[in-house]
Amino acid sequence: MNDAVPEAEGTDPGPMQPPPGNGPAAPAPLNVPRTPTGHPEVDARVERLADADHLTTDGHVEVYEDVHRGLRDALTALDARPGPPGPPRPHEHRS
């Protein structure tokens, strides 16, 4: 005779415990392709994302924030550069 009570469908069995001896998996590269943009500063920041491949997930935030900050700075620098000259102004006529 089996005294075990079968679990009802849809019930939560509680937290799952990993089998003994099996710790968290080691970091593994995601191998996400990074296509060069042609802008060296931007390309360097995008390449920095590869650093996250060798970190545990709690280390990803630092890399992502650094990349975000660098890309934001690069965009801000574009706004600060002088643009092409505007169209010539028509000559003012004085009478």
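This is a predicted model, so every value here is computed, not measured.

**Student:** Honestly, the pattern of salt bridges in this entry has me stumped. Any pointers?
**Tutor:** Two side chains bearing opposite charge may form a pair once their charged atoms approach each other closely. Tallied over the full model, the rule gives five salt bridges. Arg-48 serves as the salt-bridge partner of Asp-51, at 2.6 Å between the closest nitrogen and oxygen. You can call Asp-51 partly exposed: its relative accessible area is 36%. The exposure class assigned to Arg-48 is partly exposed, which follows from its relative accessible area of 23%. Between Arg-69 and Asp-66 there is a salt bridge whose closest N-O contact spans 3.7 Å. Here Arg-69 and its partner Asp-66 are both found in helix α2 (residues 57–80), three residues apart, which amounts to about one turn of the helix. Asp-66 gets classed as buried once you look at its relative accessible area, which sits at 19%.

**Student:** What am I meant to see in the side chain of His-60 here?
**Tutor:** Its place among the elements puts His-60 in helix α2. When residues no more than four places from it in sequence are discounted, the contact partners of His-60 are Ala-52 and Leu-55.

**Student:** Explain the packing of helix α1 (residues 40–48) against α2 to me, please; I cannot follow it from the model alone.
**Tutor:** The packing of two helices is summarised by the inter-axis angle and the distance between the axes. Where α1 contacts α2, the axes come no closer than 9 Å and their chain directions differ by 170°. As far as their axial angle goes, α2 and α1 are roughly antiparallel. Within the contact between the two elements, α1 uses Glu-41, Val-42, Arg-45 and Arg-48 and α2 uses Val-63, Asp-66, Val-67, Gly-70, Leu-71 and Ala-74. By residue class, the composition of the contact of α1 with α2 is five nonpolar, one polar and four charged.

**Student:** Even after reading the chapter, I still don't get α2, so can you show me in this structure?
**Tutor:** Three- or four-residue spacings in an α-helix give side chains the same orientation, since the helix completes a turn every 3.6 residues. The terminal C-alpha atoms of α2, which comprises 24 residues, lie 35 Å apart, in line with the 34 Å expected from a rise of 1.5 Å per residue. Listed in full, the buried residues belonging to α2 are Gly-59, His-60, Val-63, Asp-66, Val-67, Gly-70 and Ala-74. Against the buried residues of α2 lie α1.

So, how was this worked out
Residues numbered from 1 in each chain as written. Predicted model: local features only at pLDDT ≥ 70, side-chain atom pairs only at ≥ 80, totals over all residues. Heavy atoms only, no water. Salt bridge = Lys/Arg side-chain N within 4 Å of Asp/Glu carboxyl O. Buried < 20%, exposed > 50% of the residue type's maximum accessible area, 1.4 Å probe, protein only. Helix = DSSP H or I, 4+ residues; strand = E, 2+ residues; numbered from the N terminus. Contact = heavy atoms within 4.5 Å. Axes fitted to C-alpha atoms, helices over the stretch in contact; angles between N-to-C directions. Parallel < 35°, antiparallel > 145°, perpendicular 65-115°, else oblique. Nonpolar A, V, L, I, M, F, W, Y, C, P; charged D, E, K, R; others polar. Expected span 1.5 Å × (residues − 1).

Such coordinate-based values are descriptive only and should not be taken to indicate function.
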